[in-house]
Amino acid sequence: MATYMRNVFLVSSGMSSRSLHRLMGKRTFKELQYRVMCTSGTEEPRKLDIPQFNDPQVQAILKRITGLDLEKVFRPAREKHGRSSYKLVSEKKLKELQIEAEEKAKVRLEMPPVVAERKPIHKIFARNPELRGLDSSKLVFTDISFGLRDRDRLIVVRDPDGTLRMANWEERDRITQVYKPRPRRQIEVPKLFEEGQLPVLFSEERHEMVLDAACTQFEPDAADFIRVHHRVYEDLDQTTKYDLLRSTRHFGGMAYYLAKQRRIDGLLVDIIQRYLITDAEDLIILYHMMHPQCKSAQETKEKQLKGLELIKTYIQCDSSQTGKLELVLQSYENEQADSTTDQVSSTS
């Protein structure tokens with residue numbers, strides 16, 4: 001394998017075998033890979049007190065509160081001006097098409113994973129000061145064997161100062177995209193993810209587009225993936241434009257983030273104003289799962305509260321917007337009372 005990689009590098013760089021040997025040093029790719037395999041995977045994952053994003057109960061709650069608006073899920077990415085087509089179908093066929101559409105919508109609403117940020121790579125194999133200044137550019141050696149996962153692929157960098165080290169994550173992502181390109185992913189990070197560009201996109205309410213682009217460009221544990229998602233969630237929370245992500249695959253991630261940060265009040269107000277009381281109850285249950293020691297969680301567990309009583313307990317015990325939540329909840333209750341009165345009057 002080491003000989004093959006040398007030949008690949010020689011073709012692209014025009015260097016002699018002796019020069020390449022000096023650059024790589026005495027360690028071959030095979031030896032380096034053996035060292036990597038022996039030192040990786042020895043850490044045990046840290047156990048967290050809060051339920052993880054992929055917990056079945058958490059996923060069930062997030063899917064329920066996301067909603068299923070078929071018109072929004074299947075809306076065209078771009079406006080197409082043309083003739084509309086209509087079909088006459090039986091009622092039975094219509095129900096079958098609706099069920100089929102709902103199943104397709106559920107696939108589209110599969111949420112991107114939420115994982116911890118990957119740890120930086122600072123592994124140095126050798127320092128060879130005698131190679132300092134031999135080349136003004138970094139030299140990258142990549143194992144391009146078939147059948148390897150991207151995370152297991154050995155990528156080594158020789159710095160101009162003679163240091164032979166493992167490639168960092170940014171370098172790995174670029175090199176991997178060169179040898180194993182993924183659709184729509186760019187080698188260089190697009191400028192739309194820069195901090196100066198995000199507010200412009202937010203002002204145009206293109207939050208969903210930014211999140212979709214981040215899912216395409218970055219790995220789920222990449223620092224930029226997490227940063228962009230958090231920036232979108234923060235902006236939506238500040239502007240209370242939560243509905244932009246409702247019935248999209250990103251709504252669950254936003255709800256999970258806000259619950260983890262103990263900041264569900266704004267989203268809770270929005271949900272109650274839309275009279276989605278079961279969603280409000282689910283959001284508070286998620287909050288209790290992630291913060292079981294909070295006062296409202298303890299009281300809910302002790303008294304087995306549900307529905308409006310559960311919501312009122314959260315508002316009284318843990319809400320930071322008590323007055324606002326009480327007003328919107330009172331408005332909902334008044335509306336429900338008026339609706340009941342009208343129904344009684346119409347039947348009498």
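This text follows the structure it describes.
Here is what the cut-offs are and how they apply
- Residues numbered from 1 in each chain as written.
- Predicted model: local features only at pLDDT ≥ 70, side-chain atom pairs only at ≥ 80, totals over all residues.
- Heavy atoms only, no water.
- Helix = DSSP H or I, 4+ residues; strand = E, 2+ residues; numbered from the N terminus.
- Buried < 20%, exposed > 50% of the residue type's maximum accessible area, 1.4 Å probe, protein only.
- Areas by Shrake-Rupley, 256 points an atom, 1.4 Å probe, with all protein chains shown as cover.
- Contact = heavy atoms within 4.5 Å.
- Salt bridge = Lys/Arg side-chain N within 4 Å of Asp/Glu carboxyl O.
- Pairing = 2+ DSSP bridges.
- Axes fitted to C-alpha atoms, helices over the stretch in contact; angles between N-to-C directions.
- Parallel < 35°, antiparallel > 145°, perpendicular 65-115°, else oblique.
- Left-handed = near helix turned anticlockwise from the far one by under 90°.
- Nonpolar A, V, L, I, M, F, W, Y, C, P; charged D, E, K, R; others polar.

A. Up close: the overall build of the chain. Along the backbone of the chain there are 16 helices and 4 strands. The buried share of the chain, taken over its 348 residues, is 39%. Of the roughly 21900 Å² of accessible surface on the chain, a fraction of 51% belongs to carbon and sulfur atoms.

B. The arrangement of the environment of Ala 116 in detail. In this fold, Ala 116 is placed in the loop between helix 6 (91-108) and strand 1 (124-127). The spatial distance from the C-alpha of Ala 116 to the C-alpha of Pro 220 is 8.6 Å, given a sequence separation of 104 residues. Excluding residues that lie within four positions of it along the chain, Ala 116 makes contacts with Asp 221 and Ile 226.

C. Broad picture of the pattern of salt bridges. As enumerated under the stated definition, the model contains 30 salt bridges in all. Through salt bridges that share partners, Asp 150, Lys 180, Arg 182, Arg 185 and Glu 219 make up one connected network.

D. Structural context of the pairing of strand 3 (residues 155-158). Covered by surrounding structure in strand 3 are Ile 155 and Val 157 together with Val 156 and Arg 158, the residues of both alternating faces. Sheet topology places strand 2 (residues 139-142) next to strand 3; 4 bridges connect them, and they run antiparallel. Bridge pairing in strand 3 links Val 140 to Val 157. With 3 bridges joining them, strand 3 and strand 4 (residues 163-166) adopt antiparallel strand pairing. Paired with Val 156 across the two strands is Met 166, which belongs to strand 4. Linking strand 3 back to strand 4 in an antiparallel pair, the connection comprises 4 residues, with Gly 162 at a positive phi of about 95 degrees.

E. Examining the side chain of Thr 313 more closely. Tracing the backbone through its elements, the reader meets Thr 313 in helix 15 (residues 307-317). By relative accessible area, Thr 313 is classed as buried at 6%.

F. Structural detail: the packing of helix 12 (residues 265-273) against helix 13 (residues 277-290). Contact geometry of helix 12 with helix 13 gives a least axis separation of 8 Å together with a crossing angle of 160 degrees. When the axes of helix 12 and helix 13 are compared, the pair comes out roughly antiparallel. The two elements helix 12 and helix 13 cross, and the hand of that crossing is left-handed. In this structure, helix 12 contributes Leu 267, Leu 268, Ile 271 and Ile 272 to the contact, and helix 13 contributes Ile 277, Asp 279, Ala 280, Leu 283 and Ile 284. Counted by class, the contact of helix 12 with helix 13 contains 8 nonpolar, no polar and 1 charged residues.

G. Structural detail: helix 12. Counting buried positions over the 9 residues of helix 12 gives 8, a clear majority of the element. Within the span of helix 12, buried status applies to Asp 265, Gly 266, Leu 267, Leu 268, Val 269, Asp 270, Ile 271 and Ile 272. Phi for Tyr 275, located one or two positions after helix 12, is positive at around 60 degrees.

H. Expanded view of unusual backbone geometry. The backbone of Arg 184 sits at a positive phi, close to 70 degrees, despite the residue not being glycine. Here Arg 184 lies in the loop between helix 7 (169-179) and helix 8 (198-203). Given the relative accessible area of 72%, Arg 184 is considered exposed. Backbone geometry at Ser 247 places phi at a positive 60 degrees, although glycine is not the residue there. Ser 247 sits in the buried class, given a relative accessible area of 6%.

Function cannot be read off these values alone, since they describe shape.
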